[in-house]
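Each chain, written out:
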Amino acid sequence: MAEHLSQSELDYPFKLLEYMNGFRISKIIFSACELGVFDLLLQSQKPLSAESVSQELQSSLDGMERLLDALVGIEILDVEITEGKAFYSNTDVANLYLAKGSPKSLFGMAIFNSDPTYLMWANLTSAVREGKNQYEKTFGLSAEDLFETVFRSDEELVKFMGLMNSIWTIDGHDVVTAFDLSPFKTIVDLGGCTGALARELSRAYPDSSVIIFDLPRVVQASKKNFSQPSDTFTFQEGDFFSGEVPVADLYIVSRILHDWKEGKCVQLLQKLYARCQPGGGVLIVEALLSENRRGPVYALHNSLNMLVHTEGKERPAPEYFKMLSTAGFKDLQVRRTGKSYDAVLGRK
């Protein structure tokens, strides 16, 4: 049952006001990332005045002072007053998750959410009314044209890859250990992009061979911008929709099926079933809706994100079970991680 509001909330809608103004908070964080605020404060190793920050980042003093104060208000920055003057520093959260150099940085997510996602969500009303993504209304392009034109720029492609990379810095370990995957000795991460999830797989299962299978341009950009000397996985170029996929014991399908309608998802799973070794399987990684449709909140609003961006949506576990069964997989199981992404495992 829905939670009943207290009388104080009915008298003055604190929570509702917080929700209605939530986009402002998001944009405060995004703008600070774009301007380089968190990186500057991390590198300075001492609190800085608004004057120093504005000079270093070539911004107006008035605008920067307001932005810094707003970041203090949402507890992303700290402030100390010395002789009547304010000096600002990062909180631990800002250092860990918003500075680019941190191993757990969500900077890539913030940058992509600021542009283009923020622009796309401005057309959410149209997306709901029309039931389709908003590329044409936002950019004057179809979804196909967008990938052929906007992502033709290496800078835009790397920005998108930064988004894909970010979440696995905090969710990756939980996803790859939701099930014991050690029996699978050859693992292929379809559309593995930057290798962030493959990196977690290699750490958790050092005796398994991990391959990232992605488009040639993505593979090349991953090697150039995201590879680390310690990486033990390998890349293989290809298109898992139109071409052959490598034979494997286990296929990881993470944040792919939510982009597409059910029919296309089933076609891909059928292809994987045909190439999967006997006793092997497929691990679907998605933000799972609860069956009562009341949560988790991230999955609910991410499903709307899929509406404005793609052909797909987020789904509850039974819908993935149905797709897997149609493709031939059995012994279907689900594990919730308690974080943003969950895991569904099917066996051949």
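It should be emphasised that the depicted structure is a prediction, and the values quoted were computed from it without experimental measurement. Along each chain, residues carry numbers from 1 onward, in the same order as the chain's sequence is written. Given that the model is predicted, a residue must reach a pLDDT of at least 70 before its local features are reported, and side-chain atom pairs must reach 80 or more before they are shown or counted; all residues, however, enter totals for whole chains, interfaces and linings. Note that water and hydrogens are dropped before the side-chain values are worked out from all heavy atoms of the structure.

(A) Seen up close, the overall build of the chain. Working definition: helices are DSSP H or I runs of at least four residues, strands are E runs of at least two. Numbering for both runs from the N terminus. Within the chain, the secondary structure is distributed over 18 helices and 10 strands. Radius of gyration here is computed from C-alpha atoms only, and the compact-globule reference equals 2.2 Å multiplied by the residue count raised to the power 0.38. Relative to the globule expectation of 20 Å for 348 residues, the C-alpha radius of gyration of the chain, 22 Å, shows essentially globular dimensions. Overall, the chain is about 70 × 55 × 40 Å in size when its C-alpha atoms are taken along their principal axes. Buried, partly exposed and exposed residues are distinguished by accessible area as a fraction of the type maximum, computed with a 1.4 Å probe on protein chains only: under 20%, between the cut-offs, and over 50%, respectively. Within the span of the chain, comprising 348 residues, buried residues form 46% of the whole. Within the chain, residue pairs in contact and separated by at least 24 positions form 66% of the contacts whose partners lie at least 6 positions apart. Here, residues are in contact when the closest pair of their heavy atoms is within 4.5 Å.

(B) The arrangement of a negative patch on the surface in detail. A surface patch of negative charge is lined by Glu75, Asp78, Glu80 and Asp92. Within the secondary structure layout, glutamate 80 lies in strand E2 (residues 77-82). Patch membership is restricted to residues that have no salt bridge and whose relative accessible area is over 30%. Joining uses 9 Å for like charges and 5 Å for the nonpolar side chains Val, Leu, Ile, Met, Phe, Trp and Tyr. Residue burial considers only the protein chains on display, and all accessible areas are found by Shrake-Rupley using a 1.4 Å probe. Here a salt bridge means any side-chain nitrogen of Lys or Arg lying within 4 Å of a carboxyl oxygen belonging to Asp or Glu. Under the convention used here, Asp and Glu are negative, Lys and Arg are positive, and both His and the chain ends fall outside the count. The location of each charge is read from NZ of Lys, CZ of Arg, CG of Asp or CD of Glu.

(C) Examining the sheet that holds strand E1 (residues 48-49) more closely. Whether two strands pair depends on DSSP finding at least two bridges between them. Pairing is antiparallel in the open sheet, where 3 strands are placed in the order E1-E3-E2. Strand pairing shows two members of the sheet lacking a second neighbour, E1 and E2, which therefore form its edges. In the packing of helix H4 (residues 37-44) onto the sheet, the strands contacted are E1, E2 and strand E3 (85-90), and the crossing angle to E3 comes to about 95 degrees. Convention adopted: a line fitted to C-alpha atoms gives each axis, helices being fitted over their contacting stretch, and angles between N-to-C directions are expressed from 0 to 180 degrees. Helix H6 (residues 61-73) rests against E2 and E3 of the sheet, and its axis sits at about 115 degrees to E2.

(D) The environment of phenylalanine 160, seen in detail. As for its position among the elements, phenylalanine 160 is in helix H12 (residues 154-166). As for phenylalanine 160 and glutamate 244, which are separated by 84 residues in sequence, their C-alpha atoms are 25 Å apart.

(E) Fine view of H12. The span expected for a helix works out to 1.5 Å for each residue beyond the first. For H12, spanning 13 residues, the distance from its first C-alpha to its last is 18 Å, which sits close to the expected 18 Å at 1.5 Å a residue. By the burial criterion, the buried members of H12 are Leu157, Lys159, Met161, Gly162, Leu163, Met164, Asn165 and Ser166. Contacts made by the buried residues of H12 are with helix H8 (107-121), helix H13 (168-176), helix H14 (196-204) and helix H15 (216-225).

(F) Structural view of the sheet that holds strand E4 (residues 186-190). Within the open sheet, the 7 strands sit side by side as E6-E5-E4-E7-E8-E10-E9. Their pairing is mixed. With one partner strand each, in any of the chains shown, strand E6 (234-237) and strand E9 (330-335) form the two edges of the open sheet. Here the average twist between neighbouring strands, direction ignored, is 20 degrees. Against the sheet, helix H16 (residues 262-275) engages E4, strand E7 (248-254) and strand E8 (276-286), with an angle of about 150 degrees to E8.

(G) Up close: H6. Over its 13 residues, H6 runs 18 Å from end to end, which matches the ideal 18 Å to within 8%, given 1.5 Å per residue. Buried within H6 are the following residues: Met64, Leu67, Leu68 and Leu71. Looking down the long axis of H6, one finds its buried residues gathered within 100 degrees of arc, a one-sided arrangement. Pointing more than 90 degrees away from the buried face of H6 are the exposed residues Arg66 and Gly73. The reported arc concerns the directions from the helix axis to the C-beta atoms and nothing else.

(H) Inspection of the pairing of E8 at higher detail. Counting buried positions along E8 gives 8 out of 11 residues, so the element sits mostly inside the fold. The pairing of E7 with E8 spans 6 bridges and is classified as parallel. Bridge pairing links isoleucine 252 to leucine 283 in E8. Note on handedness: a clockwise path from strand one over the helix to strand two, with the strands aimed away from the viewer, defines a right-handed crossover. Taken together, E7, H16 and E8 form a β-α-β motif whose crossover is right-handed. Sheet topology places E8 next to strand E10 (residues 342-347); 6 bridges connect them, and they run antiparallel. Opposite valine 285, over in E10, you have alanine 343 as the bridge partner.

(I) A look at the domain arrangement of the chain. Each domain's extent was defined by an automatic or database domain assignment. On domain assignment, one finds that the chain holds domain 1 (7-98) and domain 2 (172-347). On a C-alpha basis, the centroid separation for the pair domain 1 and domain 2 is 36 Å.

(J) Representation of the pairing of E3. Taking every second residue as pointing to the same face, the buried face of E3 carries Ala86, Tyr88 and Asn90, while none of Lys85, Phe87 and Ser89 on the other face is buried. Taken together, the 2 bridges between E1 and E3 define a ladder with antiparallel strand orientation. Its bridge partner being in E3, serine 49 is matched across the sheet by phenylalanine 87. Bridging between E2 and E3 involves 6 bridges; their strand directions are antiparallel. Residue pairing for E3: valine 79 is matched across the bridge by tyrosine 88.

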